[in-house]
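Below, each chain spelled out in residue letters.
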Amino acid sequence: MKKALLVVSFGTSYHDTCEKNIVACERELAASCPDRTLFRAFTSGMIIRKLRQRDNLHIDTPLAALQKLAEQGYQDVAIQSLHIINGDEYEKIVREVQTMRPLFKRLVIGAPLLSSHEDYLHLMQALSRQMPLVAPDERVVFMGHGASHHAFAAYACLDHMMAAHRFPARVGAVESYPEIDVVIDSLRHEGVKAVHLMPLMLVAGDHAINDMASDNEDSWKTQFERVGIAATPWLQGLGENADIRAMFVQHLQQALEQSLEVAA
């Protein structure tokens, strides 16, 4: 029976960032199940269109990829999401998987990065290995994407757990709570003098480059500096962190094992 591994991410139009993050994850996921042929899909229609128009590069949506796999005779397909939270993008994948399930003998999907209590603890351990050493009056501030979906609460949960574990970091979100002004106000009251800014995103793309690290008037770097807190940006996507790649591999293996248990 032909077996496939479909790795699904939001995507990126930056080729070097894709290599460092998405390709790095795909490589390790593929190595964890060598009996499967690797395929890629992006969930961002905007990025798919940009790559097609700019580079003549075609990337499938998850639905299109599954349709092609069925046509090519793959009957056992494992999907691994590289999304951070169980938000709109992931739920769309799940819905599409359900519509395509009758075409396959086995179709499983691995969970996003933050899907269980243990994931939050593992993520903090993983992040600690990429964080610089910080003085008592310094913090690392991670930039999450945020979401209008109720799963945005994952960012606040991670921020709360960091505080509870006296972890020297905070989490803010570009498009939802915790907003950056809330984080800045809290750190000012703690007497923090300097921060290191890092993306809590698979890739260091437009948000990290422009909204976090740039000298734009409303960037996170500028907003911290405006209140007298020195800010040092780090443009490293989560996919560059070997421990985070291992978390995605673990989620894939869990999904495969659970499907075998159900079949038994």
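Going by the annotation in an unreviewed UniProt entry, the name recorded for the chain is Sirohydrochlorin cobaltochelatase, with Kosakonia pseudosacchari given as the source organism. What UniProt states about the chain under its Function (unreviewed entry) heading is, verbatim, "Cobalt chelatase responsible for the insertion of cobalt during anaerobic cobalamin biosynthesis. Can catalyze the insertion of Co(2+) into either sirohydrochlorin or precorrin-2." Recorded under Sequence similarities (unreviewed entry), the UniProt text for the chain is reproduced unchanged: "Belongs to the CbiK family."

Draft legend 1. Expanded view of the pairing of strand 5 (residues 138-144). The buried fraction of strand 5 amounts to seven of the seven residues, a majority that puts the element mostly inside the structure. Of the two faces of strand 5, the one lined by Glu-138, Val-140, Phe-142 and Gly-144 and the one lined by Arg-139, Val-141 and Met-143 are each fully buried. Relative to strand 7 (residues 194-199), strand 5 runs parallel, the two sharing six bridges. Bridging from a neighbouring strand, Val-140 pairs with His-196 of strand 7. Both strand 5 and strand 6 (residues 169-173) contribute to a ladder of five bridges, which runs parallel. Opposite Val-141, over in strand 6, you have Arg-170 as the bridge partner.

Draft legend 2. Structural view of the nonpolar core. Grouped together as the largest cluster of nonpolar side chains are 49 residues, with contacts concentrated most on Leu-123, Leu-127, Phe-142, Met-162 and Leu-200. Listed by contribution, the elements that provide at least two residues to this core are strand 1 (2-9), helix 1 (15-32), helix 2 (45-55), helix 5 (117-128), strand 5, helix 6 (153-164), strand 6 and helix 10 (242-263). Those residues within four positions of Met-162 in sequence are excluded, and the remaining contacts are Met-124, Leu-127, Phe-142, Phe-167, Ala-169, Arg-170 and Val-171. Leu-197, Met-201, Ala-208 and Phe-224 belong to the second-largest nonpolar core, a separate cluster that totals 18 residues.

Draft legend 3. View of the side chain of Ser-9. With respect to the helices and strands, Ser-9 occurs in strand 1. Those residues in contact with Ser-9, other than ones at most four positions away along the chain, are Ile-22, Ala-41, Phe-42, Thr-43, Leu-82, His-83 and Leu-202.

Draft legend 4. Here's a closer look at the packing of aromatic side chains. In this structure the tally under the stated criterion is one aromatic pair. In this structure, Lys-2 is placed above the aromatic ring of Tyr-74, and the distance from its NZ or CZ to the ring centre is 4.4 Å.

The rules we used
- Residues numbered from 1 in each chain as written.
- Predicted model: local features only at pLDDT ≥ 70, side-chain atom pairs only at ≥ 80, totals over all residues.
- Heavy atoms only, no water.
- UniProt positions renumbered as here; feature names shortened; annotations may be inferred.
- Buried < 20%, exposed > 50% of the residue type's maximum accessible area, 1.4 Å probe, protein only.
- Helix = DSSP H or I, 4+ residues; strand = E, 2+ residues; numbered from the N terminus.
- Pairing = 2+ DSSP bridges.
- Core = buried A, V, L, I, M, F, W, Y, C linked by side-chain atoms within 4.5 Å.
- Contact = heavy atoms within 4.5 Å.
- Phe/Tyr/Trp six-rings, centres within 6.5 Å; stacked < 30°, edge-to-face > 60°.
- Lys NZ or Arg CZ within 6 Å of the ring centre and 35° of its normal.

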